[in-house]
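Secondary and tertiary structure notes
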Amino acid sequence: MSIATDGLVIRVNNVGEYDRIVSVLTADYGIIRAFVHGARSLKNKNASATSLLSYSHFTFSKKRDTYTITDSAVNKIFFNLRGDIVKLSLAQYFCEIAENLAPVEDEAKEYLRIMLNSLHFLSESARPSAMLKAITELRMLAISGYTPDIVACRECACYEADTMFFDAINGELYCPDCRPPVANLLPIGKGVLAAMRHIVYSSFDKLYNFSLPDESLDNLSHITETFLLSQIEHRFTALEFYKNL
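A brief look at the structure comes next. (Residues numbered from 1 in each chain as written. Predicted model: local features only at pLDDT ≥ 70, side-chain atom pairs only at ≥ 80, totals over all residues. Heavy atoms only, no water.)

Some words on the overall build of the protein
Counting its secondary structure elements, the protein contains 7 helices and 8 strands. Relative to its length of 245 residues, the protein is compact, with a C-alpha radius of gyration of 20 Å against a globular reference of 18 Å. A principal-axis box enclosing the C-alpha atoms of the protein has dimensions of 65 × 35 × 30 Å. By the burial criterion, 49% of the 245 residues in the protein qualify as buried. At a minimum sequence separation of 6, the contacts of the protein that also span at least 24 residues come to 62%. Summing over all exposed atoms, the protein offers an accessible surface of approximately 11700 Å²; the carbon and sulfur share of this is 48%. Both charge centroids of the protein, one from 24 positive and one from 29 negative side chains, sit 7 Å from each other. (Helix = DSSP H or I, 4+ residues; strand = E, 2+ residues; numbered from the N terminus. Rg over C-alpha atoms; globule rule 2.2 N^0.38 Å. Buried < 20%, exposed > 50% of the residue type's maximum accessible area, 1.4 Å probe, protein only. Contact = heavy atoms within 4.5 Å. Areas by Shrake-Rupley, 256 points an atom, 1.4 Å probe, with all protein chains shown as cover. Lys, Arg positive; Asp, Glu negative; His and termini not counted. Charge placed at Lys NZ, Arg CZ, Asp CG, Glu CD.)

Digging into the sheet that holds strand β3 (residues 30-36)
Two orientations exist for strands paired in a sheet by backbone hydrogen bonds: parallel and antiparallel. One closed barrel accounts for 5 strands, arranged β1-β2-β3-β5-β4; its pairing is mixed. Taken over all neighbouring pairs, the strand axes of this sheet differ in orientation by 50 degrees on average, direction set aside. Relative to strand β2 (residues 19-26), strand β1 (residues 2-15) runs antiparallel, the two being bridged by 8 bridges. Directly across from Arg11, in β2, lies its bridge partner Ser23. Seen against the sheet, helix α2 (residues 85-101) touches β1, β2 and β3 and runs at an angle of roughly 115 degrees to β1. Across the sheet, helix α3 (residues 109-123) lies against β1, β2 and β4 (54-63), angled at about 60 degrees from β1, the strand it touches most. (Pairing = 2+ DSSP bridges. Axes fitted to C-alpha atoms, helices over the stretch in contact; angles between N-to-C directions.)

Examining the side chain of Ser23
When you line up the elements, Ser23 lands in strand β2. Setting aside its immediate chain neighbours within four residues, Ser23 contacts Leu8, Val9, Ile10, Arg11, Ile31, Ile32, Arg33 and Glu99.

Regarding unusual backbone geometry
At Arg64, a residue that is not glycine, the phi angle is positive and equals roughly 60 degrees. Inspection of the secondary structure assignment puts Arg64 in the loop between β4 and β5 (66-77). Judged by its relative accessible area of 82%, Arg64 falls in the exposed class.

Focus: the sheet that holds strand β6 (residues 163-167)
Taken in spatial order, the 3 strands make up an open sheet running β7-β6-β8, and their pairing is antiparallel. Looking at which strands have only one partner, the edges of the open sheet turn out to be β7 (172-174) and β8 (185-189). On average, each strand axis in the sheet is inclined to that of its neighbour by 35 degrees, with strand direction left out of account. The sheet contact formed by β6 and β7 spans 3 bridges and is antiparallel. Bridged to Phe166 within β7 is Leu173.

Some words on the nonpolar core
One finds Leu25, Met115 and Leu220 to be the most contacted residues of the largest nonpolar core, which totals 68 residues. Excluding anything up to four places from it in sequence, Leu25 contacts Asp6, Gly7, Leu8, Ile10, Gly30, Ile31, Ala98, Ala102, Ala108, Tyr111, Leu112 and Met115. Of all hydrophobic cores here, the second largest spans 12 residues; its members include Ile3, Val24, Ile32 and Ile69. (Core = buried A, V, L, I, M, F, W, Y, C linked by side-chain atoms within 4.5 Å.)

A look at the pairing of β5
Bridging between β3 and β5 involves 2 bridges; their strand directions are parallel. Across the sheet, residue Phe35 finds its bridge partner in β5, namely Thr68. Pairing analysis gives 10 bridges linking β4 to β5, with the strands arranged antiparallel. Note that in β5 the partner of Ser54 across the bridge is Ile77.

With respect to the environment of Arg197
One can find Arg197 in helix α5 (residues 190-201). Arg197 sits 59 residues away from Leu138 along the chain, and the two C-alpha atoms are 9.9 Å apart. With residues up to four places along the chain from it excluded, the contact list for Arg197 reads Ile150, Val151, Ala152, Tyr159, Glu160, Leu173 and Ser202.

Some remarks on the environment of Leu186
Position of Leu186 among the secondary structure elements: in strand β8. Measuring from C-alpha to C-alpha, the distance between Leu186 and Gly7 comes to 37 Å, with 179 residues separating the pair along the chain. Beyond its immediate sequence surroundings of up to four residues, Leu186 is in contact with Met164, Phe165, Phe166, Ala168, His222, Ile223 and Thr226.

What follows is the structure, encoded as structure tokens:
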């Protein structure tokens, strides 16, 4: 069985002296994990196309349950990310999110679109990093079935107050009057709440089209990160590295 498709390399593991195992995020087949024989040799035809953060055209050969990349050609490499340790660590965090949330060997078009757009804007410094982080975290959670209930207050259906409160564990929103007496609620101002609603509910074409002051973007990023970590039991090592830079 042979499959030809485009995909983004989101993880690379070295095997032996010359080989690799790569995780490739594809639109039609989700995540495919495949061997690449000899890819660590600079003269190997698949070396560049199977490196981390390469968006390439791949030919996969499948025997039983094992995939092997037999041919590849680079579509795009995000070179600007490789020269900036802060951007690179954030990009690797995006890869970790995708690897934990995207389906394996099943349709994953929107996951791939989010990754390619977020990496492009990050590489070109075309959007603030905190904004891209929040979009990638929250939108991937939403399309994975972890959509927070942020339309209105859970108790009284109040749509908006100067400050609302978000329960990151249960993904629920409360107004000041209905706020339960628990310590883990996150205060959300009007602008940040509007941004969260935009990330969750907007069409993809408009997903990256909003703006907030830097302080509000940092707050948005903190809230979406807290929600992600509350829903996914995984240690994101790239996130830890990024936050320590």
